[in-house]
Amino acid sequence: MGSQGEKEVRKCLLKSSDPAFPSIEVGKEKVYIGRTRECRIQSLLCSKQQVSAKVTVLKNGEQVLFLNRMGSNPSVLNGQDMNFFIAYEAKTGDKLEPVKDLGLYYTVVFDGDEEKTSKESTSKRKSSTDLDETSVKKKIRSSQENLSPNSPKDVVPCPEDKWQEVEGGKLYVFTSKGLVHRPKIAGYDIDGTIIKTKSGNVFPKNIDDWQIAFPEVPGKLKSLHKDGYKIVFFTNQAGISSGKLKIGDFRKKVERIVAKLNVPVQVFVSTSKGKYRKPILGMWELLETKENGNIEIALEESFYCGDAAGRPEKKAPNKRKKDFSCSDRLFAMNIGTKFYTPEENFQNAKKETDWTRPAFDPSTFNKDKKLSLTIPPNAVLRSKDQEIIVMVGCPASGKSSFAKKHFESNGYVYINRDTMGTWQKCVAALEKAIKEKKSAVIDNTNPDLESRKRYIDVAKKNKIACRCFVMATTEAQAKHNNVFRELTDPFHAVIKDMVFHGYKSKFKEPTKDEGFTEVVKVNCLPEFNDAEKEKLYKMFLVEK
């Protein structure tokens, strides 16, 4: 007893630098850091097995984390590129970047070393401060004349304009020279709020097709800055990821806008779909956690202003087109802060209460427990006799979760066209199941009579019951579910709007006249084992 190989291995935690990515626990069994469901890394620059990790006991009894780079793109340990076929030793405090310049790193922390790490980092910060204390104080004193009396004390303005790239270009952050982090945030959209096109077009003709949207904009922003607000712009620019707009051109445009305003601004630029696109809170959460100098944001004193407010068309004399979406208003609602339209904020216009609310409101969905049951109380969920269940529902309606939970887990053969490829293979699989005296559930969208008849005919031929379970999920909720799945499961197939439209055009309400022995309506009631996911689901995720 007590041989070297038998020594108990300490657990090691690879602590993630970004709360969007989970920390990874490593023991004596090899684990992989890469583009996997567990790591939540989605970048194609990262291999599925980018880096292997394993805790090993050395001959002297010391325990270290062995890291091996396996992916084609470079991994980095403590600032140095890792070579292939070399086992690197890592100890508490060491930093691993699975892929160079990905914007994500892990800090190695062995069990029991948490306090040591905290003390070391505090000591390093203190010594660094002591060494340069005089120069820091000089910077603070020299900057005080540019600060409002309401600014936090002992803060150093950003010394120069700087850009940051986040998650491989999904987001860009610009911090202008002189910006100071503050608890009060004055948030703004850019297009249609801070600027508008010179040409009068909805979309700019080129990078120079812009002008300040309202004459009051510069004065208002300077006044807010003087009153202790930090000015922050949040903008969706999906044209960058689609190739319609070059990031280099847009960066120059942002710099020119800020120079024209002549006030320090921080700008968040979302370039694609996903967690950083308004109304989803990715940009705001990054501001809270990393881009506000560890200063807690005072939501009750902050606000957000944007033109995507869901307002209806306005006739003459104050003619105005219908807002293209309500993403700005929903962004403010998700944050939990005050919202203003540009006219209200810059021109003191009367508050507009008339706006088109989304067809699905996740914040109040089932709040009064009207949908207390998944199925009606008089409906039987599973039969004791052999049967065929035909599911009907649009994509992301919850039918697959329902079919797997209530039927597949109880012995029904699960048949799905997405995995089998064709309806002919689905019918063949059903006939095989029936011959084996098994019940089966068909988990396809089955929108029309023709698609459902294939399975009803098999039931009739074999003289067994065929029931239909149709999802009562609205298209609006299904689209919400779809975005939620994209955010929480990066390996789930993305469903485009044309697929929803295709289902809607084909859909015919199922009836017993088709040959079903029963038609049961199913409510989509999401279940959550994760409080953060439940919180996300109850936010507005769809722009309209």
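Visitor: Describe in detail the packing of helix H13 (residues 475–488) against helix H14 (residues 497–506), supporting the description with residues and values.
Guide: Contact geometry for H13 and H14: axes closest at 12 Å, N-to-C directions at 150°. As the angle between them shows, H13 and H14 are arranged roughly antiparallel. Seen from above, H13 lies across H14 with right-handed handedness. Taking contact as the criterion, the partners of Glu475, Ala478, Lys479 and Asn482 in H13 are, on H14, Asp497, Phe500, His501 and Lys504. The residue inventory of the contact of H13 with H14, partitioned by class, reads 2 nonpolar, 2 polar and 4 charged.

Visitor: I'd love a proper account of the side chain of Glu291, names of residues and values included.
Guide: Tracing the chain through its elements places Glu291 in the loop between helix H6 (282–289) and strand S18 (303–305). In this structure Glu291 is buried but unpaired, with Lys162 as the nearest side chain of opposite charge at 5.7 Å. Leave out the neighbours within four places in its chain, and Glu291 touches Gln164, Val173, His181, Lys230, Gln266, Phe268 and Leu286.

Visitor: A description of the nonpolar core should follow, citing residues and the corresponding values.
Guide: Across soluble globular proteins, nonpolar side chains have a tendency to be buried as a group. Core analysis: the largest hydrophobic core is formed by 31 residues, its most contacted members being Tyr188, Ile194, Leu221, Ile231, Phe233, Leu261 and Val267. Contributing elements (two or more residues each) for this core: strand S12 (171–175), strand S13 (184–188), helix H3 (217–226), strand S16 (229–236), helix H5 (247–261), strand S17 (265–270) and S18. Discounting residues that sit within four places of it in the chain, Leu261 has contacts with Ile194, Ile212, Val217, Pro218, Leu221, Lys222 and Phe233. Of all hydrophobic cores here, the second largest spans 28 residues; its members include Leu171, Val232, Phe268 and Tyr537.

Visitor: Hey, could you go over the sheet that holds strand S3 (residues 31–33) for me, with residue numbers and the actual values?
Guide: The 4 strands lie next to each other as S3-S4-S5-S8, forming an open sheet whose pairing is antiparallel. The strands lining the two open edges of the sheet, one partner per strand, are S3 and strand S8 (88–90). Within the sheet, the average angular offset between the axes of one strand and its neighbour, ignoring direction, is 35°. As judged from the 3 bridges shared by S3 and strand S4 (residues 51–57), these two strands associate in the antiparallel manner. Counted as the bridge partner of Tyr32 is Ser52 from S4.

Visitor: Quick rundown of a negative patch on the surface? Include the residues and the values.
Guide: A contiguous patch of negative charge on the surface is contributed by Glu285, Glu288, Glu296, Glu300, Glu301, Asp530 and Glu532. Here Glu301 lies in the loop between H6 and S18.

Visitor: Hey, could you go over the packing of aromatic side chains for me, with residue numbers and the actual values?
Guide: With the rule as written, the count across this model stands at 20 aromatic pairs. Between the aromatic rings of Phe484 and Phe528, the centroid separation amounts to 6.2 Å while the plane-to-plane angle is 85°, which identifies the pairing as edge-to-face. Of this pair, Phe484 sits in helix H13 while Phe528 sits in the loop between strand S24 (518–522) and helix H15 (531–537), placing them 44 residues apart in sequence. What makes Phe484 buried here is its relative accessible area of 12%. Through a chain of ring-to-ring contacts, three or more aromatic side chains come together here, namely Tyr188, Phe214, Tyr229, Phe233, Phe303, Tyr340 and Phe346.

Visitor: Before we move on, can you summarise the pairing of S17 with the specific residues and values?
Guide: Among the 6 residues that make up S17, 6 are buried, leaving the element largely enclosed by the rest of the structure. Here S17 shows no split at all, with Val265, Val267 and Val269 on one side and Gln266, Phe268 and Ser270 on the other all buried. Where S12 lies against S17, 5 bridges are found, and the strand directions are antiparallel. Its bridge partner being in S17, Thr175 is matched across the sheet by Gln266.

Visitor: With reference to specific residues and values, describe the packing of helix H11 (residues 423–435) against helix H12 (residues 449–462).
Guide: At a closest axis distance of 10 Å, the pairing of H11 and H12 adopts a crossing angle of 25°. Looking at the two axes, H11 sits roughly parallel to H12. Once H11 is placed against H12, the crossing between them reads as right-handed. For the pair H11 and H12, the contacting residues are Trp423, Cys426, Val427, Leu430, Glu431 and Ile434 in the first and Arg454, Tyr455, Val458, Lys461 and Asn462 in the second.

Visitor: Help me get a handle on the pattern of salt bridges, residues and values and all.
Guide: Per the stated rule, a full pass over the model turns up 28 salt bridges. Two residues, Lys479 and Glu475, come together in a salt bridge whose shortest N-O distance is 3.2 Å. Taken together, the residues span about one helical turn, with Lys479 and Glu475 both in helix H13 at a distance of 4 residues. When the shortest N-O distance is used, the salt bridge between Glu509 and Lys521 registers 3.0 Å. On the criterion of sequence distance, the pair formed by Glu509 in the loop between H14 and S24 and Lys521 in strand S24 is long-range, its members being 12 residues apart. In the salt-bridge network here, residues are joined through shared partners; they are Arg311, Arg320, Asp323, Glu343 and Glu352.

Visitor: Pulling in residues and values, what's your account of H3?
Guide: Every buried residue of H3 is accounted for by Val217, Leu221, Leu224 and His225. One side of H3 holds all its buried residues, which, seen down the axis, span an arc of 100°. In this fold, the buried residues of H3 make contact with S13, strand S15 (211–212), S16, H5, S18 and helix H8 (342–347). Just past H3, the residue Gly228 takes up positive phi, approximately 95°.

Visitor: Help me get a handle on the sheet that holds strand S7 (residues 80–81), residues and values and all.
Guide: Taking strand neighbours across the sheet as the criterion, the 6 strands line up as S2-S1-S10-S9-S6-S7 in an open arrangement whose pairing is antiparallel. One side of each edge strand has no neighbouring strand; the edge strands of this open sheet are strand S2 (24–26) and S7. Direction of pairing for strand S9 (residues 95–97) relative to strand S10 (residues 106–110): antiparallel, over a ladder of 2 bridges. If you follow Lys95 over to S10, its bridge partner there is Thr107.

Visitor: Explain the environment of Val258 to me, and be specific about the residues and the numbers.
Guide: Checked against the element boundaries, Val258 lands in helix H5. When its relative accessible area of 8% is taken as the criterion, Val258 is described as buried. Spatially, the C-alpha atom of Val258 lies 7.7 Å from that of Ser176, the residues being 82 residues apart in sequence. Setting aside residues up to four positions removed in sequence, Val258 forms contacts with Phe174, Ser176, Val263, Val265 and Val267.

Rules behind the numbers
Residues numbered from 1 in each chain as written. Predicted model: local features only at pLDDT ≥ 70, side-chain atom pairs only at ≥ 80, totals over all residues. Heavy atoms only, no water. Axes fitted to C-alpha atoms, helices over the stretch in contact; angles between N-to-C directions. Helix = DSSP H or I, 4+ residues; strand = E, 2+ residues; numbered from the N terminus. Parallel < 35°, antiparallel > 145°, perpendicular 65-115°, else oblique. Left-handed = near helix turned anticlockwise from the far one by under 90°. Contact = heavy atoms within 4.5 Å. Nonpolar A, V, L, I, M, F, W, Y, C, P; charged D, E, K, R; others polar. Buried < 20%, exposed > 50% of the residue type's maximum accessible area, 1.4 Å probe, protein only. Lys, Arg positive; Asp, Glu negative; His and termini not counted. Salt bridge = Lys/Arg side-chain N within 4 Å of Asp/Glu carboxyl O. Core = buried A, V, L, I, M, F, W, Y, C linked by side-chain atoms within 4.5 Å. Pairing = 2+ DSSP bridges. Patch = residues over 30% accessible without salt bridge, like charges linked within 9 Å, V, L, I, M, F, W, Y side chains within 5 Å. Areas by Shrake-Rupley, 256 points an atom, 1.4 Å probe, with all protein chains shown as cover. Charge placed at Lys NZ, Arg CZ, Asp CG, Glu CD. Phe/Tyr/Trp six-rings, centres within 6.5 Å; stacked < 30°, edge-to-face > 60°. Arc of directions from axis to C-beta.

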